[in-house]
Amino acid sequence: MGADPCLCPVERNLSQVPFVVHVVDDDPAIRESLKGLLSDAGYQVDCYSSAEAFLQVRAPRRGLALIDLRLKGTDGITLQKELIANNAAVSVIMMSAYGDIEHAVTAMRLGAVDFVEKPFSPEGMLEKIDRLSKASDNDDTAKREARQHAALIELLTPREKQVLSMIVDGLANKQVAGQLGISARTVETHRVHLMQKLNAESLPHLVRIWLSAGNLIEVPEF
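These numbers come from a predicted model, not from an experiment. (Residues numbered from 1 in each chain as written. Predicted model: local features only at pLDDT ≥ 70, side-chain atom pairs only at ≥ 80, totals over all residues. Heavy atoms only, no water.)

Before going further, it helps to spend a moment on helix H8 (residues 173-180). The set of residues buried in H8 consists of Asn173, Val176, Ala177 and Leu180. Buried positions in H8, seen along its axis, are confined to an arc of 100° and lie on one side of it. Opposite its buried face, H8 presents the exposed residues Lys174 and Gly178, each directed more than 90 degrees away. Contacts made by the buried residues of H8 are with helix H7 (158-168) and helix H9 (184-197). One or two steps after H8, the chain reaches Gly181, where phi turns positive at roughly 70°. (Buried < 20%, exposed > 50% of the residue type's maximum accessible area, 1.4 Å probe, protein only. Helix = DSSP H or I, 4+ residues; strand = E, 2+ residues; numbered from the N terminus. Arc of directions from axis to C-beta. Contact = heavy atoms within 4.5 Å.)

This part covers the nonpolar core. By size, the foremost hydrophobic cluster in this structure holds 44 residues, and its most contacted members are Ile67, Leu79, Leu83, Met94, Ile153, Leu164 and Leu198. Examining the composition of this core, we find that 5 residues originate from one element, H7, more than from any other. Once residues within four sequence positions are removed from consideration, Ile67 is found in contact with Val24, Gly76, Leu79, Leu83, Val92, Ile93, Met94 and Met95. Val23, Val45, Ile93 and Met95 belong to the second-largest nonpolar core, a separate cluster that totals 16 residues. (Core = buried A, V, L, I, M, F, W, Y, C linked by side-chain atoms within 4.5 Å.)

With respect to the helices, strands and loops of the structure, His190 is situated in helix H9. For His190, a relative accessible area of 15% gives the class buried. Non-local contacts of His190, meaning those with residues more than four positions away in its chain, are made with Arg159, Glu160, Val163 and Ile182.

Looking at where Leu69 falls in the secondary structure, it is placed in the loop between strand S4 (63-68) and helix H3 (76-85). With relative accessibility at 5%, the residue Leu69 sits in the buried group. Beyond its immediate sequence surroundings of up to four residues, Leu69 is in contact with Asp75, Gly76, Ile77, Met94, Met95, Ser96, Asp100, His103 and Phe115.

In structure tokens form, the structure reads like this:
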């Protein structure tokens, strides 16, 4: 399923880089309603009828994805995880017509800035989006990256978190192996997996990812 042709022009200068709102919902009535509401408020809006359609498009550096939790095909949580894995520079607000607390918590732990129940207040939705669009670009990016990095780290196994924590502390593979009671080769294997799972390009990058997540993560004791 492709993207709906509902690109609306920006009518106000929100930033040098447009703040784009991506609406991902398989209900055409919801897409049209949000399209009208947000475009009338001056936002640039792209609409998608499925997670698959949205994943085909490279997200802009600055924007927001309004994602329906119970999408047909790939669901909203899975889409959110894909965006995290792809380091997509877009904040997420999850939407649902069902008061699903468990999924709300999951979405928030994965870095969603909010979880909104349908039907929602148009004024309330505009207020949330306006606040995000006016946030300092640097602060917004840092906070989003911290949430995304923490979410990626939370997907690691307890052992991988331990190895990562010790690598960041400056321990060599043999030292990590000695403290954990495993072989240095196993530590190296964990290290390779860590680089892949966190999309780290180098050891310094791996350290920056850890430090970025800061107090949003917990390391299992060993």
